Amino acid sequence: QVQLVESGGGLVQTGGSLRLSCAVSGLTFSVYSMGWFRQAPGKEREFVAVISWSGGAVYYADSVKGRFGISRDNAKNTVYLQMSSLKPEGTAVYYCAADLDYGEIPKGKSGIDYWGKGALVTVSS
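What you see is a predicted model, and the numbers here were worked out from it, not measured in a lab.

Conventions we followed
Residues numbered from 1 in each chain as written. Predicted model: local features only at pLDDT ≥ 70, side-chain atom pairs only at ≥ 80, totals over all residues. Heavy atoms only, no water. Disulfide = S-S within 2.5 Å. Helix = DSSP H or I, 4+ residues; strand = E, 2+ residues; numbered from the N terminus. Buried < 20%, exposed > 50% of the residue type's maximum accessible area, 1.4 Å probe, protein only. Contact = heavy atoms within 4.5 Å. Pairing = 2+ DSSP bridges. Axes fitted to C-alpha atoms, helices over the stretch in contact; angles between N-to-C directions.

> Can you help me understand the state of the cysteines in this one?
In protein chemistry, a disulfide is the covalent bond that joins the sulfur atoms of two cysteines. One pass over the structure, following the stated rule, counts one disulfide. Disulfide pairing is shown between C22 and C96; the S-S distance is 2.0 Å. Because the sign of the S-S torsion sets the handedness, a value of about 40° for the bond joining C22 and C96 places this disulfide among the right-handed ones. Placement of C22 in strand 3 (residues 18-25) and of C96 in strand 9 (residues 92-99) is noted, with a sequence separation of 74 residues between them. This pair shows no difference in class: C22 is buried, exactly as C96 is.

> Could you clarify how one ought to interpret the environment of A119 in this entry?
Along the chain, A119 falls in strand 11 (residues 119-124). In sequence terms A119 and C22 are 97 residues apart; their C-alpha atoms lie 9.5 Å from each other. Every residue in contact with A119, bar those within four places of it in the chain, is listed here: E6, G9, A92, V93 and Y94.

> Sorry, what's going on with the sheet that holds strand 1 (residues 3-7) here?
Within a sheet, each strand pairs with its neighbour through backbone hydrogen bonds, oriented either parallel or antiparallel. Taken in spatial order, the four strands line up as 1-3-8-7 in an open sheet, and their pairing is antiparallel. Across the chains shown, the open sheet's two edge strands, defined by having one partner strand only, are strand 1 and strand 7 (68-73). With strand direction ignored, the average angle separating the axes of adjacent strands in the sheet is 15°. Pairing between strand 7 and strand 8 (residues 78-83): six bridges, direction antiparallel. The partner of G69 across the bridge, within strand 8, is Q82.

> What's the story with unusual backbone geometry in this structure? I'm lost.
Negative phi values dominate among residues other than glycine, just as trans dominates among peptide bonds. One non-glycine residue, N77, lies in positive phi territory at about 55°. Within the element layout of this structure, N77 appears in the loop between strand 7 and strand 8. Look at N77 and you get partly exposed, because its relative accessible area is 25%. Positioned with a positive phi, S85 is a non-glycine residue whose angle comes to about 50°. The topology assignment puts S85 in the loop between strand 8 and strand 9.

Next comes the structure, spelled out in structure tokens:
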């Protein structure tokens, strides 16, 4: 059974930092590309960041470029999202995703293999 479990969400002030983790089990983590998405209240889920299976390639949405960093530890089957300079519009449920195809992840949700259940991040103004 494949499980993706996000943790590290919570309440943070504008300008603050937070690190999300996503622990993965039930699949061969080291061959999957991993991504992060977010869904703000009343909005559609949007792509945030993706990292290749080796960690050698990363790609970010323009809205988070320079403020967020995605990384992974294949020995721990975990992917991370370090978020800095958070803004109130960053309030959302953050989801991690897994797919064998790196290029599939930024396209959005329809073709992605596996999803976590999400972690809530609230950025207070």
